[in-house]
Amino acid sequence: MANIKLVRVDFRLIHGQVVNKWIKVTLSNRIIVIDDVLAANDFMKGVYIMAAPPGVKVDILTIDEAVKQWKEDKFGKGEVFILFKSVKDACKCHQLGFEYQALQIGGLGAGPGRKLVYGPITLDKTDFDSLIELEKTGVEVTFHQVPDEKAESFKAISGKVKF
C-alpha cells in the first residue's frame, strides 16, 4: 500500500509550485495525476512526465484506472502525491471508491461563473456544492496555495461565500 502524502486539486497539475514546494514538503517520490483527458493524450503525458523532478515517478491515470488500482493494491508502493485537475474529478473518484481522507484545493483559476473564495482560488456553484457533499462523507477539505502560506478550511470559507 502506498503512503498518500497529499491529495490536491490544481488545474495546472505538475508545475512550479508542485515541483519546487509541495514535493519537497511532502517528501513524495511519486506523483499520480488522475485525469481522463490527459491520460488519453500521449504527447501531453510526456510533457508532464518530463516536468517532474528527477527521481519522482509519474503515473497518469484515468479515473477508472485510478479507482481500480486503489481497490486492487492501494496504488502499490511509494510516497505518493495525488493530483486532480478539477473538483469534479476529485469528487467523482472518491464516489467511485478512492477513499482519501483529506483534499487540498490549490490552483483553480478564473472563468465564467467562478468566484474568488481564498486568495486566487476560485469555485463555481457546482464545485462548491460538490465540496459540501464531499465533506459530509468525512473528507477534510482545505484551501492552500503554497506551503509557506496559511491554509483555510472549507468550513470557514463556505460561510463567507454566496452563490
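Shown above is the structure to which this text applies.
Residues numbered from 1 in each chain as written. Predicted model: local features only at pLDDT ≥ 70, side-chain atom pairs only at ≥ 80, totals over all residues. Heavy atoms only, no water.

Q: For this particular structure, what's the right way to read the packing of helix H4 (residues 63-73) against helix H5 (residues 87-96)?
A: Each pair of packed helices can be described by the angle between their axes along with the distance between the axes. The geometry of H4 relative to H5 is characterised by a closest axis approach of 10 Å and an angle of 40 degrees between their N-to-C directions. For the element pair H4 / H5, the angle class is oblique. Our pair here, H4 against H5, has a crossing hand that is right-handed. For the pair formed by H4 and H5, the contact residues are Ile63, Asp64, Ala66, Val67 and Lys71 on the first element and Asp89, Lys92, Cys93 and Leu96 on the second. Of the residues in the contact of H4 with H5, the class split is five nonpolar, no polar and four charged. (Axes fitted to C-alpha atoms, helices over the stretch in contact; angles between N-to-C directions. Helix = DSSP H or I, 4+ residues; strand = E, 2+ residues; numbered from the N terminus. Parallel < 35°, antiparallel > 145°, perpendicular 65-115°, else oblique. Left-handed = near helix turned anticlockwise from the far one by under 90°. Contact = heavy atoms within 4.5 Å. Nonpolar A, V, L, I, M, F, W, Y, C, P; charged D, E, K, R; others polar.)

Q: Quick question: what am I supposed to make of a nonpolar patch on the surface here?
A: Taken together, the side chains of Phe43, Val47 and Met50 present a nonpolar region at the surface, about 360 Å² in accessible area. In this fold, phenylalanine 43 is placed in helix H3 (residues 42-51). (Patch = residues over 30% accessible without salt bridge, like charges linked within 9 Å, V, L, I, M, F, W, Y side chains within 5 Å. Areas by Shrake-Rupley, 256 points an atom, 1.4 Å probe, with all protein chains shown as cover. Salt bridge = Lys/Arg side-chain N within 4 Å of Asp/Glu carboxyl O.)

Q: Mind showing me how you'd approach the side chain of threonine 122 here?
A: Structurally, the position occupied by threonine 122 is in strand E7 (residues 121-123). What makes threonine 122 buried here is its relative accessible area of 3%. Polar side-chain contacts of threonine 122 include one of 2.9 Å to the backbone oxygen of leucine 108. At 2.8 Å, the side chain of threonine 122 and the side chain of arginine 114 are in polar contact. Leaving out residues up to four positions away in the same chain, threonine 122 has contacts with Leu108, Gly109, Ala110, Arg114, Lys115, Leu116 and Val117. (Buried < 20%, exposed > 50% of the residue type's maximum accessible area, 1.4 Å probe, protein only. Polar contact = N/O pair within 3.5 Å; in protein donor to acceptor, adjacent residues only side chain to side chain.)

Q: Honestly, the layout of surface pockets in this entry has me stumped. Any pointers?
A: Gaps left between atoms are located by rolling a probe of water-molecule size over the structure's atoms. Roughly 150 Å³ of volume is contained in the largest pocket. Looking at the largest pocket, the residues that line it are Leu13, Asp35, Asp36, Val37, Leu38, Asn41, Met44, Tyr48, Lys85, Ser86 and Asp89. Elements with a minimum of two residues in the lining of the largest pocket: helix H2 (36-39) and H3. At three residues, the largest contribution of residues to the lining of the largest pocket is made by H2. Residue classes in the lining of the largest pocket are distributed as five nonpolar, two polar and four charged. (1 Å grid on protein atoms, 1.4 Å probe; cavity = no way out; pocket = protein on both sides within 12 Å on 5 of 7 lines; lining within 4 Å. Points joined across faces, edges and corners; volume = space filled by probe spheres on them.)

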